[in-house]
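This is what each chain is made of:
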Amino acid sequence: MTSRARATRARTTVTVSWPEANARRVARQHLDSPARGASPADVVGAMLGAHAQVLSAAELSVGLRGRGLTRTDVRTALWTGRSLVKTFGPRGTVHLLPAVDLPLWTGALSAVPTGPNPFPKDARMSPEQVEAVVAAIGEALTGAELTVDELSDEVVARTGPWAGDLVMPGFQTMWPRWRQVLHLAGHRGALAYAPNRGRRATYTNPGCTPLPGAEAQAALVERYLYAYGPATPAHFARWLAAPKRWADRLFASLAASGAIEEVAFEEAGAAWVVAGDTDFPADPVRGVRLLPYFDAFAIASQPRERLFPGRAFERALGGGQAGNYPVLLVDGTVAGVWHQRRSGKRIAVTVEPLEPLPAPRLRALEDEVERVGAVLEGKAELTVGAVSVGPHA
């Protein structure tokens, strides 16, 4: 690099503070003000997926970000309009994703390198067996909606008895061998959730053709940085549960191509944003918000110590893992936890602030609880006090 180039870079490097970064993330997540006219798919796209292991939490995450959206709107988009897809997303966990973005997500996630095989040696599958099972899943689910037991019968019939060996520890039982690649089939675009049959989950083939891996991963990095930047490769790797060295190489490649640019970001030091995306709000975040279990904002925003300051780091994180508690946001940072219990239309909401809330904040909290009730199509009643349930209760 020439001295002139170094000087140009030095002059143009942007310094970003935590309040600036947090304010922009809050705005782009529609947490400052619910988006007018946004569809559930629009909202989920802005979030980069809504964690949906507990579907009611995903419904609330989405509904709180769109003006007038309810859980029925989310369910309609998922099961009737099909603008949303329920499948395996970041970290191999169940997410709602926009159907239009499924080729991008599957292309990116299926190309993320995996770590060491976590299963005992006698439970593992060879690469050839993995490919056979994924193909069998895709074939069995094409034009069908099957429970996991029905899918298991089809996979074993198409591959061989070895796929059905009960070698996978499950919930107080043992699962067949093939189940270890269920999430991989989702990442390959061969499997997604279909509507429940009674209380039982079913699966189908969404008919998705993944984008090429390199193209999809570059696009995913840019979307991640737009939503949650500035961020480092380590932040991105943590969000995806991917190897940090792989993320380092990916960011270096995108920086060399000019797709992303470096900024100085407080404790993180060198961090990255989409090239040219260096405008940040001058005003800090104001307001009170309630976020449900595993909300995308609480999980993806880094550094986590700044989003969960002081006592919040101990009270609102489960062993350092975000998402295990629904959180109270005050002025954009975690300031407490909360819990809801539903009985018919009545929703009892208990909020535990870490510090006493002044009267204006209490009134804002009451308004937010009313919004929770509207999204969940019930009548929410607020109690300010200790939350006695444990994480992920």
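This text goes with the structure placed above it.
Only a predicted model underlies this, so the values are computations on that prediction, with no experimental measurement involved. (Residues numbered from 1 in each chain as written. Predicted model: local features only at pLDDT ≥ 70, side-chain atom pairs only at ≥ 80, totals over all residues. Heavy atoms only, no water.)

Next up on the list: the environment of L354. With respect to the secondary-structure elements, L354 resides in the loop between β15 (346-353) and α16 (359-375). Residue classification places L354 among the buried residues on the basis of a relative accessible area of 12%. Each C-alpha atom, one on L354 and one on A190, is 45 Å from the other, the two residues being 164 residues apart in sequence. Apart from residues lying up to four places away in sequence, L354 is in contact with R311, A312, R315, A335 and G336. (Helix = DSSP H or I, 4+ residues; strand = E, 2+ residues; numbered from the N terminus. Buried < 20%, exposed > 50% of the residue type's maximum accessible area, 1.4 Å probe, protein only. Contact = heavy atoms within 4.5 Å.)

On to the sheet that holds strand β3 (residues 84-88). Strand order in the open sheet made by the three strands is β2-β4-β3, with antiparallel pairing throughout. With partners counted over all chains shown, the strands left at the sheet margins are β2 (50-51) and β3, one partner each. Here helix α5 (residues 71-79) sits on the sheet and contacts β3 and β4 (94-98); the angle it forms with β3, its principal contact strand, is near 75°. (Pairing = 2+ DSSP bridges. Axes fitted to C-alpha atoms, helices over the stretch in contact; angles between N-to-C directions.)

Let us look at the packing of aromatic side chains. What the rule picks out here adds up to 10 aromatic pairs. Consider the rings of F236 and W239, whose centres lie 5.9 Å apart with planes at 40°: the pair is tilted. Of the two residues, F236 and W239 both sit in helix α11 (residues 233-240), three residues apart, roughly one turn of that helix. For the pair formed by F236 and W239, the shared burial category is buried. Here the aromatic cluster, defined as three or more aromatic residues joined through ring pairs, consists of W105, Y224, Y228, F236, W239, W246 and F251. R28 extends its terminal NZ or CZ atom over the ring of Y226, reaching a point 3.7 Å from the ring centre. (Phe/Tyr/Trp six-rings, centres within 6.5 Å; stacked < 30°, edge-to-face > 60°. Lys NZ or Arg CZ within 6 Å of the ring centre and 35° of its normal.)

What follows deals with the pairing of strand β8 (residues 192-197). Pairing analysis gives four bridges linking β8 to strand β9 (residues 200-204), with the strands arranged antiparallel. Of the residues in β9, the one forming a bridge with A192 is T204. Connecting the antiparallel pair β8 and β9 is a turn made up of two residues, with G198 showing a positive phi of about 65°.

Attention now goes to the pattern of salt bridges. This structure, assessed with the given rule, holds 21 salt bridges. Among the salt bridges present, the one from R177 reaches D165, with a minimum N-O distance of 2.9 Å. In this pair, R177 is assigned in the loop between β7 (174-176) and α9 (182-187) and D165 in the loop between α8 (148-159) and β6 (166-169), connecting sequence segments 12 residues apart. A salt bridge links E352 to R315, with the nearest nitrogen and oxygen atoms 2.9 Å apart. (Salt bridge = Lys/Arg side-chain N within 4 Å of Asp/Glu carboxyl O.)

Our next topic: the environment of N205. Along the polypeptide, N205 turns up in the loop between β9 and α10 (213-228). Considering only alpha carbons, one finds N205 and I137, 68 residues apart in sequence, at a separation of 8.2 Å. Setting aside chain neighbours within four positions, we find N205 in contact with G138, L141, T142, A144, G189 and A190.

With respect to topology, three strands assemble into an open sheet ordered β5-β9-β8, the strand pairing being antiparallel. The sheet terminates laterally at β5 (146-147) and β8, the two strands that pair on one side only. As judged from the two bridges shared by β5 and β9, these two strands associate in the antiparallel manner. In the strand pairing of β9, T147 is matched with T202.

Below, the discussion takes up the pairing of β4. For β4, the tally of buried residues reaches five of five residues, placing the bulk of the element in the interior. Here β4 shows a buried face lined by V94, L96 and P98 and a second buried face lined by H95 and L97. Here β2 runs beside β4; their pairing, made up of two bridges, is antiparallel. The residue of β4 that forms the bridge with A50 is L96. Relative to β4, β3 is paired through five bridges, and the arrangement is antiparallel. Paired with K86 across the bridge in β4 is L96.

Take α8 next. The first and last C-alpha atoms of α8 sit 16 Å apart over 12 residues, in line with the 16 Å expected at 1.5 Å per residue. By the burial criterion, the buried members of α8 are V148, L151, S152 and V155. Along the long axis of α8, the arc covered by the buried residues comes to 105°, so they all point the same way. Those residues of α8 that are exposed and aimed more than 90 degrees away from the buried face are D153 and A157. Against the buried residues of α8 lie α7 (127-141), β5, β7, α9 and β9. (Expected span 1.5 Å × (residues − 1). Arc of directions from axis to C-beta.)

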